[in-house]
Amino acid sequence: FLHRTIADMEIYTRPIPSERRPERVTELLAAARDLAEENVRKAGGDPTQVTLRIEVSDQLVVEVARHLMVMALANILKNSLEACLALGCDRAGQIQVTAAQQEGAVEIRIADNGIGMSHEEKIGWSEFIPGRRNKSKRLSTGYGLPIAVRNLAAHGGTLTLESTEDVETIVTIRIPVDSDE
């Protein structure tokens, strides 16, 4: 746990590269899904118990530093997978990922029917302070969402989070696109 925490601290404080390239959103999400599922397996979870649907047009393109965007998306997808796995046998976990181009940005929406967040957890997470751990995830370092927010902000992007305890969590990401495209 200590090694993972230190590694996450290093990632969080690492300088953000300025190089950007056009990337298909579908490819970023596929790479992020693979990384998130691998991380869940390493933590002892079974991501195949959750239905994860990605319904995104292959035409959506953003100009990003690929590894930063994949890491941001993977952290969010990992949280969704863990929230759905925490349901146990209560109901089947489902994650729905959609994206569309709207008002000069690509908007990615990740919605899950996992355990959601309590009012107190939402207040703490709305500040995206590194090291703040979710009580329901014993292996959490508390850096996943802050890293995602930092990586998105480096691209001029934003992350908003809506959650209802025992119902759902919806993460909305907006990444600006060039108006010339």
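Calculation criteria
Residues numbered from 1 in each chain as written. Predicted model: local features only at pLDDT ≥ 70, side-chain atom pairs only at ≥ 80, totals over all residues. Heavy atoms only, no water. Helix = DSSP H or I, 4+ residues; strand = E, 2+ residues; numbered from the N terminus. Buried < 20%, exposed > 50% of the residue type's maximum accessible area, 1.4 Å probe, protein only. Contact = heavy atoms within 4.5 Å. pLDDT = per-residue confidence, 0-100. Pairing = 2+ DSSP bridges. Expected span 1.5 Å × (residues − 1). Axes fitted to C-alpha atoms, helices over the stretch in contact; angles between N-to-C directions. Core = buried A, V, L, I, M, F, W, Y, C linked by side-chain atoms within 4.5 Å.

J.: Just to check I follow, could you spell out the environment of Pro22 for this structure?
T.: Within the secondary structure, Pro22 sits in strand 1 (residues 21-24). Of the residues examined, Pro22 reaches a relative accessible area of 56% and is grouped as exposed. Along the chain, Pro22 and Val177 lie 155 residues apart, while their C-alpha atoms are 9.9 Å from each other. In this structure, Pro22 is in contact with Val61, Val62 and Glu63, ignoring residues within four places of it in sequence.

J.: Hey, could you run me through the confidence of the model for the chain in this one?
T.: Detail in the predicted coordinates should be disregarded across regions flagged by low pLDDT. For the chain, mean pLDDT is 84; residues scoring 70 or higher make up 77% of the total. Within the chain, no element has a lower average pLDDT than helix 1 (residues 2-13), which sits at 58, and none a higher one than strand 5 (residues 105-112), at 97.

J.: Is there a simple way to think about the pairing of strand 6 (residues 158-164) in this case?
T.: Remark: a regular strand shows side chains that alternate across the two faces of the sheet. Where strand 6 lies against strand 7 (residues 168-176), 7 bridges are found, and the strand directions are antiparallel. What sits directly across from Thr158, in strand 7, is Arg174. Linking strand 6 to strand 7, which pair antiparallel, is a turn of 3 residues; within it Asp166 sits at a positive phi near 65 degrees.

J.: Can you walk me through helix 3 (residues 66-85) in this structure?
T.: The α-helix winds at 3.6 residues per turn, so residues separated by three or four positions along the chain end up facing the same way. Relative to the 28 Å expected for 20 residues at 1.5 Å per residue, helix 3 spans 28 Å between its end C-alpha atoms, a close match to the ideal helical length. Most of helix 3 is tucked away: 14 of the 20 residues are buried.

J.: Hey, could you run me through the sheet that holds strand 7 in this one?
T.: Two pairing modes exist for strands in a sheet, parallel and antiparallel, and in both the strands are linked by backbone hydrogen bonds. Read from one edge to the other, the open sheet built from 5 strands follows the order 2-4-5-7-6, with strand pairing classed as mixed. Since the sheet does not close on itself, it has two edges, and those belong to strand 2 (50-55) and strand 6, each with one partner. Taken pair by pair, the neighbouring strands of this sheet meet at an average axis angle of 10 degrees, ignoring direction. Here strand 4 (residues 93-102) runs beside strand 5; their pairing, made up of 8 bridges, is antiparallel. The residue of strand 5 that forms the bridge with Val97 is Ile110. The sheet strands contacting helix 3 are strand 2, strand 4, strand 5, strand 6 and strand 7, and the helix crosses strand 5 at an angle near 20 degrees.

J.: Would you mind showing me how to read the nonpolar core here?
T.: In globular proteins that are soluble, nonpolar side chains generally tend to be buried together. Within the largest apolar cluster, 35 residues are counted, with the highest numbers of intra-cluster contacts made by Val25, Ile108 and Ile173. The set of elements that each furnish at least two residues to this core consists of helix 2 (25-42), strand 2, strand 3 (61-64), helix 3, strand 4, strand 5, helix 5 (144-153) and strand 7. Among the elements that take part in this core, helix 3 stands out by supplying 9 residues, more than any other. Sequence-distant contacts of Val25, that is, excluding residues within four places in its chain, are made with Val56, Leu60, Val61, Val62, Ala99, Val106 and Ile108.

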